[in-house]
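Listed here are the chains, written in short residue letters.
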Amino acid sequence: MDRFFKIYPYLLLVVVILFSLYLRYEDIKFWKANERDFFYKGEPLYSEYDSFYFARFALDMKEGLYKYGAIDHFRLFPDNTTNAKLSEKETFYSTYPLAGVFISHIFYFLSKITGMSVAWLTYYLIPIFATTVVLPLFFYFNRLHLPFAGILSGLVAVSAPMYLGRTCLMRLDHDVFNLTLPFSIAYFFYRFFETNQRESKLFWITLASLFMLFYQLWYAHPNLNFVLLLTFLVIFFWEPVKNLFIKRNKTFTFSKEDFIFLAILILPQLWYIYEGPYHLFQQVATLVFNIKSPTSIDILFKDFPNIFISISELSRLSFEEALASVVFNKILGIIGLIGAILLFIFNFKKLFFLLPFFGIGCLVFFSGARFSMYLSPFIGIGLGFLVHFLFEKLFPYLDIFREKHKQRLVLALMGILLFVVVIITQREAIGMVCTPKVDAELVKDMEWIKEHTPKNAVIWSWWDYGYAFQLYARRAVFHDGGSQTSPKTYFIARSFSTSDPREAWLITSFVSNYGLTGLTKIMKNGLSAEEVVESIKRGEFAKPINTPIYWVFTQDLIPKFGWIHYFGTYEFKRKEGTFGRILTPICKVKTPTLLECPELEGATIDLNNGLIHLRNGSAPIKEIYHYDEQQRQLQKKDFYPQGYTLEIVRTKNNQIGLFLVIPPSEKTLFNEMFILRKYDPRYFELVYDNFPNMVVYKVKPE
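**Focus on empty space enclosed by the protein**
For the structure shown, the criterion picks out one cavity of 30 Å³ or more. In this structure, the largest cavity spans a volume of roughly 30 Å³. Taken together, Pro-487, Lys-488, Phe-491, Phe-510, Val-511, Gly-515, Leu-516 and Leu-519 form the lining of the largest cavity. Elements with a contribution of two residues or more to the lining of the largest cavity: helix H25 (487–497), helix H26 (501–513) and helix H27 (515–524).

**Description of the packing of helix H4 (residues 49–62) against helix H24 (residues 466–473)**
In the contact formed by H4 and H24, the axes pass within 8 Å of each other and the chain directions differ by 35°. For the element pair H4 and H24, the recorded crossing hand is left-handed. Of the residues in H24, those in contact with Tyr-49, Asp-50, Phe-52, Tyr-53, Ala-55, Arg-56 and Leu-59 of H4 are Tyr-467, Ala-468, Gln-470, Leu-471 and Tyr-472. In the contact of H4 with H24, the residues fall into nine nonpolar, one polar and two charged.

**Points about the nonpolar core**
Tyr-46, Tyr-140, Phe-141, Met-446 and Phe-469 are the most contacted members of the largest nonpolar core, which totals 152 residues. Counting residues per element, this core draws most heavily on helix H21 (residues 372–397), at eleven residues. Ranked by size, the runner-up nonpolar core spans 67 residues in total, among them Ile-297, Leu-519, Ile-545 and Tyr-627.

**Notes on the sheet that holds strand S16 (residues 694–699)**
The sheet built from five strands is open, its strands ordered S4-S3-S5-S16-S15 with mixed pairing. Because the sheet does not close on itself, it has two edges, and the strands there are strand S4 (476–477) and strand S15 (684–690). Sheet analysis places strand S3 (residues 458–460) next to strand S5 (residues 549–554), joined by three bridges and oriented parallel. Within S5, the residue paired with Ile-459 across the bridge is Tyr-550.

**Quick notes on the state of the cysteines**
All chains considered together, the criterion is met by two disulfides. A disulfide bridge connects Cys-168 with Cys-434, and the sulfur atoms are separated by 1.6 Å. Given an S-S torsion of about -85°, the disulfide between Cys-168 and Cys-434 has left-handed geometry. You can see Cys-168 sitting in the loop between helix H9 (161–166) and helix H10 (180–194) and its partner Cys-434 sitting in the loop between helix H22 (404–426) and helix H23 (440–452), a full 266 residues away along the chain. No difference in accessibility class separates Cys-168 from Cys-434, as the two residues are buried. One disulfide bridge connects Cys-587 with Cys-597, the sulfur atoms lying 2.0 Å from each other. Taking the sign of the torsion about the S-S bond as the criterion, the disulfide between Cys-587 and Cys-597, at about 110°, is right-handed.

**A few points about a nonpolar patch on the surface**
A contiguous nonpolar patch, built from Tyr-10, Leu-135 and Phe-139 and spanning about 250 Å² of accessible area, is present on the exposed surface. Here Tyr-10 is to be found in helix H1 (residues 2–25).

**Points about the environment of Ile-291**
With respect to the helices and strands, the residue Ile-291 is situated in the loop between helix H16 (276–288) and helix H17 (296–300). In sequence terms Ile-291 and Thr-131 are 160 residues apart; their C-alpha atoms lie 36 Å from each other. With near-sequence residues (within four places) excluded, Ile-291 lies in contact with Ala-285 and Thr-286.

**A word on the packing of aromatic side chains**
Taken as a whole, this structure holds 94 aromatic pairs when the rule is applied. When the centroid spacing of 5.8 Å and the interplanar angle of 75° are considered together, the rings of Tyr-187 and Trp-204 count as edge-to-face. Here Tyr-187 is found in helix H10, whereas its partner Trp-204 is found in helix H11 (residues 198–219), with 17 residues between them in sequence. Looking at Trp-204, the relative accessible area reads 12%, which means it is buried.

**Things to note about unusual backbone geometry**
Residue Pro-78 is reached from Phe-77 by a cis peptide bond, and omega for that bond is 0°. Here Pro-78 is to be found in the loop between H4 and helix H5 (102–114). Cis peptide bonds are those with omega within 30 degrees of zero, and the linkage from Pro-663 to Pro-664 qualifies with 5°. Secondary-structure assignment places Pro-664 in the loop between strand S14 (656–662) and helix H30 (669–675). A positive phi is found at Glu-601, a non-glycine position, where the angle reads about 55°. Along the chain, the position of Glu-601 falls in the loop between strand S8 (594–597) and strand S9 (603–606). Backbone geometry at Arg-677 places phi at a positive 55°, although glycine is not the residue there. Residue position: Arg-677 is located in the loop between H30 and S15.

**Brief notes about the pairing of S8**
Strand residues, when the strand is regular, have side chains that alternate between the two faces of the sheet. Going residue by residue along S8, you find Leu-595 and Cys-597 tucked away on one face and Leu-594 and Glu-596 left uncovered on the opposite face. Note: strand S7 (residues 588–591) against S8, three bridges, orientation antiparallel. For Lys-588, the partnering residue across the bridge sits in S8 and is Glu-596. Counting the residues that bridge the hairpin from S7 to S8 gives two residues.

**Details of H24**
Burial analysis of H24 places eight of its eight residues in the buried class, which makes it a mostly covered element. Among the residues of H24, Gly-466, Tyr-467, Ala-468, Phe-469, Gln-470, Leu-471, Tyr-472 and Ala-473 are the ones counted as buried. Elements that come into contact with the buried residues of H24 comprise H4, H23, S3, S4, S5 and S16. The positive-phi residue at the C-terminal boundary of H24 is Arg-474, with phi of around 55°.

**Some words on the pattern of salt bridges**
Following the criterion strictly, the structure yields 32 salt bridges and no others. As a salt-bridge pair, Lys-29 and Glu-26 come within 3.6 Å of each other at their nearest N and O atoms. Its relative accessible area of 16% is what places Glu-26 among the buried residues. In this structure, Arg-166 engages Asp-175 in a salt bridge whose closest nitrogen and oxygen atoms are separated by 2.8 Å.

**Describing the environment of Asp-173**
For Asp-173, the position within the fold is in the loop between H9 and H10. Asp-173 sits 203 residues away from Ser-376 along the chain, and the two C-alpha atoms are 19 Å apart. Beyond its immediate chain neighbours, meaning those up to four positions away, Asp-173 contacts Glu-48, Asp-50, Phe-54, Ile-103 and Trp-218.

Rules of the game
Residues numbered from 1 in each chain as written. Predicted model: local features only at pLDDT ≥ 70, side-chain atom pairs only at ≥ 80, totals over all residues. Heavy atoms only, no water. 1 Å grid on protein atoms, 1.4 Å probe; cavity = no way out; pocket = protein on both sides within 12 Å on 5 of 7 lines; lining within 4 Å. Points joined across faces, edges and corners; volume = space filled by probe spheres on them. Helix = DSSP H or I, 4+ residues; strand = E, 2+ residues; numbered from the N terminus. Axes fitted to C-alpha atoms, helices over the stretch in contact; angles between N-to-C directions. Left-handed = near helix turned anticlockwise from the far one by under 90°. Contact = heavy atoms within 4.5 Å. Nonpolar A, V, L, I, M, F, W, Y, C, P; charged D, E, K, R; others polar. Core = buried A, V, L, I, M, F, W, Y, C linked by side-chain atoms within 4.5 Å. Buried < 20%, exposed > 50% of the residue type's maximum accessible area, 1.4 Å probe, protein only. Pairing = 2+ DSSP bridges. Disulfide = S-S within 2.5 Å. Patch = residues over 30% accessible without salt bridge, like charges linked within 9 Å, V, L, I, M, F, W, Y side chains within 5 Å. Areas by Shrake-Rupley, 256 points an atom, 1.4 Å probe, with all protein chains shown as cover. Salt bridge = Lys/Arg side-chain N within 4 Å of Asp/Glu carboxyl O. Phe/Tyr/Trp six-rings, centres within 6.5 Å; stacked < 30°, edge-to-face > 60°.

Spelled out as C-alpha cells, the structure:
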C-alpha cells in the first residue's frame, strides 16, 4: 500500500501528459481527411496568423536575410528606411529583433540539423512543447505534499479552451512555453530557498538564471522577468530585514555565498532587466487602471479610429465567458477559483513566486480574453488543493479522519475521483480542432504573386494576412498583425470603402509616397486628420507611384468587411463609422427563379420579380448582378429604386456564389472590384483572378 501511495501521483501525471498529447495530435485525423486543403506541396500549413511571422523569420535566416538590428524590409512599407522616425526614440520602421523571436532561431537550427522543414517540425513538436507545462506544476506542488494540486493544475491548463486554442496543431508561437517557463523559474526559486546545502542552492539558482535568460529571449517581456526577480528578492531579504527592523538586531546578516547567489541570478539579466519596472508600470496602469501613457506618435494620430476595438482577444469578457475560456464547467471554475485563493492564504510564502501570475490570470475578468490561459492552471490548483484542505486540515480538525492511514487512503480515493470528474468535464476539448489560417489554394495564389510580380512589389491588403504574404509571397506589405493600429489601416479601409476609384488611387499614392513619416510632417505643420484626408481626396498630395503596388483581395475579407467599412467610413467629428454588410447565405434552388434561404430566417428570393419574401412581408431588391467568370461577362437587371443588391457569381469551377449586399455596401470598391470585378482601367489593371480565393489588381503608376 505504501508503494501505491508513492507511485499513483506519477501515474496520474502520465495520464495528464497522454491526455494533452491526445488532444493535440488527435487533430491529425481531421487534417489527413482534408489533406488537399490543409497541406501544400507536401507540407502542413500554419493554424495561426503569428505563426507566419515566426516561420518567415526562420526562412529569412535560411536565405541569409536575417541580420540582427537591420531594417526588416518586408514590413511597414514605405516606412522601412532609417529616415522613418518621429524622433530618435520613436521610429516607424521595424528591425530584425533578437529577443522575442528565439522560437524562429530554434526551429531554424532544428531544421538545419534534422533536414526537416520548419513546417513539419512545427507539426510534430508543438504539441510536445505545449504539454511541458504540466511538469513544473506537478513537481512544485508534489514537493509541497499537494500532489493533486499539481496534477489537476496541469490537467486543466492543457485542456483549457484558450490554452488549447493557442497551442494546438501547427501553431508556431510563444504560447507553447509561456506558462512552462515562469512556472519552472518559480519552482527553481522555491527549491533554492527550501534547501540549506550550498551545492544545491548553486544548482537551483543557476537553473533559475538560465531559464530567466531563456524566458526573455523567448518572449521579450522584461516586466514579467522583473516581477519574478522581485519575488525572489523579497523572500531573499525577508529574514535579514525582519531581523534588522522587527527584531532590532543591529547586524545585517549577509554572507559571501549570498553575494554569489545574487550575482549568478542578476548579472546575466542586466542587459534587459532595467526596462522591467517601466514596462511593469505601463502594463499595470493600462490593464488594471485603464490609464494609458500615449507616445508622441499616439498623440499625433489620436483622431484616427482605434483599430483595437475590432480585435476579439482584446475584448472584455463577462465573468461566465471568462470561466468558459478556462474550464468547461462553470461550477468547477468557481470552486477552483475559491480553492486557489485559499491556497495562497495557507501557503503564501511558499507560493509567493506564483502570485504575480495568478494576478495576471485574474486580469481575464477585467482586461481581455488573452489572459485566461494564465488563470487555467490556478483553477486546477484550487480544485486539487481543496481535496488536501478537506482531508488533511478541515476534517481532522473536526475529529474526522484523524488517523494517518485513513487520511491517505480517503485523500487518494477522493483525489482520483475528482481527477476523473475533471477529465470527463474537460473531454469537450476533444471536439476542438485547429485548421489552417491559409488553405492550400490561397498559398498557391500567394506563390503566384511571388513568381509574377517584381521583387520590389508591395501588397495593399487588409492586415490579417500581412505575415502570410511576407512568408509565402515574399513581398513587403503596408501593415500586418504587429502594425495594424497605425493610420495606414484607416487609409486602406477607406480605399476599399469608397465608391470613387480616383479617390482610392489618390489614397494609395499618398500612403505609398508619404507613409507615416510624411503624414507626421504634414500633421505637425498643423493639419488635422480630417483635413489631411480631405486634402488627399482633392489630389493635393498626388504623386506618381514609382513602386509596383498590388491591391489584393482574399476570401477572408468578406466576413471582415463589416469592420473594414466601419473604419473606412469613419467620421472624425462623430468618432464612429458605419458597419458594412455583405451576406453570403446558403440557398437552395427551388425553381429556376426562386431560391430558398434557411439562413435568412427562412426567406425565399424571387429572381423574376426582385423580391425577398419574409414571414412578415417582403423586401425589395434594387438590382441583381450575374457574373460568369468563364465568359468574363457581367449582367445587370434593375428592379426597384431602392433595396438590396443581389450578386450571383459563377466561378471558373462552375460553382455558384450568392452575395446579398446591404446598402450602401454595394457601391464600395471592395464589392465592385472583388466580387463583381468591376474596375476603372484608368487606375487599376486586373492581373490575377482566382475568385473567391484571391483577386489581384496592379495599381497604375500615374
